[in-house]
Amino acid sequence: MPDENAQREPSAAEKLFGDFAPALVHFTDDVLFGDVWQRTELTPKERSLVTVAALATAGNTDQLVFHLGLARENGNTEAELIEALTHLAFYAGWPRAMAAMAVAKNVFAA
């Protein structure tokens with residue numbers, strides 16, 4: 001039985017925004033990662049690949065740092081992620097793919 005008085009580690013959203021934007025923290029932690037990411041129609045690996053593709057396509061490289069790491073935790077290989085970003089160059093545009101690949105290179109080197 002879990003200890004109800006035990007302190008839990010704050011989420012990344014909570015660390016970033018805590019009391020500043022509590023609604024955003026709630027939606028991030030409880031709705032996005034608590035509900036949406038837990039749906040069974042896609043595996044976590046598939047969700048991560050879709051998320052990386054969406055972030056790269058939109059040019060959201062700040063969020064891409066976290067999600068590339070999560071994608072690896074969820075079973076995507078570096079080779080699969082590099083291939084996905086390469087493939088996106090023809091659909092999302094060369095500059096977006098190049099920017100995403102630069103992020104991936106840094107994340108994978110760390």
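Residues numbered from 1 in each chain as written. Predicted model: local features only at pLDDT ≥ 70, side-chain atom pairs only at ≥ 80, totals over all residues. Heavy atoms only, no water.

## Structural notes on the layout of surface pockets
Where empty space is left becomes clear once a probe the size of a water molecule has been rolled over the atoms.
At step 1: Of the volumes computed, that of the largest pocket is approximately 360 Å³.
At step 2: Along the walls of the largest pocket sit 14 residues, with Ala13, Leu16, Thr28, Phe33 and Gln63 positioned nearest its centre.
At step 3: Of all the secondary-structure elements, those providing two or more residues to the lining of the largest pocket are α1 (12-17), α2 (22-32) and α4 (61-73).
At step 4: Here the residues of the lining of the largest pocket sort into eight nonpolar, four polar and two charged. (1 Å grid on protein atoms, 1.4 Å probe; cavity = no way out; pocket = protein on both sides within 12 Å on 5 of 7 lines; lining within 4 Å. Points joined across faces, edges and corners; volume = space filled by probe spheres on them. Helix = DSSP H or I, 4+ residues; strand = E, 2+ residues; numbered from the N terminus. Nonpolar A, V, L, I, M, F, W, Y, C, P; charged D, E, K, R; others polar.)

## Here we look at a nonpolar patch on the surface
At step 1: Residues Leu16, Phe17, Phe20 and Leu24 make up a contiguous nonpolar surface patch of about 470 Å² in total accessible area.
At step 2: Within the secondary structure layout, Leu24 lies in helix α2.
At step 3: You can call Leu24 partly exposed: its relative accessible area is 46%. (Patch = residues over 30% accessible without salt bridge, like charges linked within 9 Å, V, L, I, M, F, W, Y side chains within 5 Å. Areas by Shrake-Rupley, 256 points an atom, 1.4 Å probe, with all protein chains shown as cover. Salt bridge = Lys/Arg side-chain N within 4 Å of Asp/Glu carboxyl O. Buried < 20%, exposed > 50% of the residue type's maximum accessible area, 1.4 Å probe, protein only.)

## Re the side chain of Ser48
At step 1: By the element assignment, Ser48 lies in helix α3 (residues 44-58).
At step 2: For Ser48, a relative accessible area of 1% corresponds to the buried category.
At step 3: Among residues more than four places away in sequence, those in contact with Ser48 are Trp37, Leu70, Ala71, Asn74 and Asn76. (Contact = heavy atoms within 4.5 Å.)

## Quick word on the pattern of salt bridges
At step 1: Inspection of every chain in the model, using the stated rule, returns five salt bridges.
At step 2: Between Arg8 and Glu14 there is a salt bridge, with the nearest N and O atoms lying 2.9 Å from each other.
At step 3: Residue classification places Glu14 among the partly exposed residues on the basis of a relative accessible area of 28%.

Worth remembering: the numbers are spatial, not functional.
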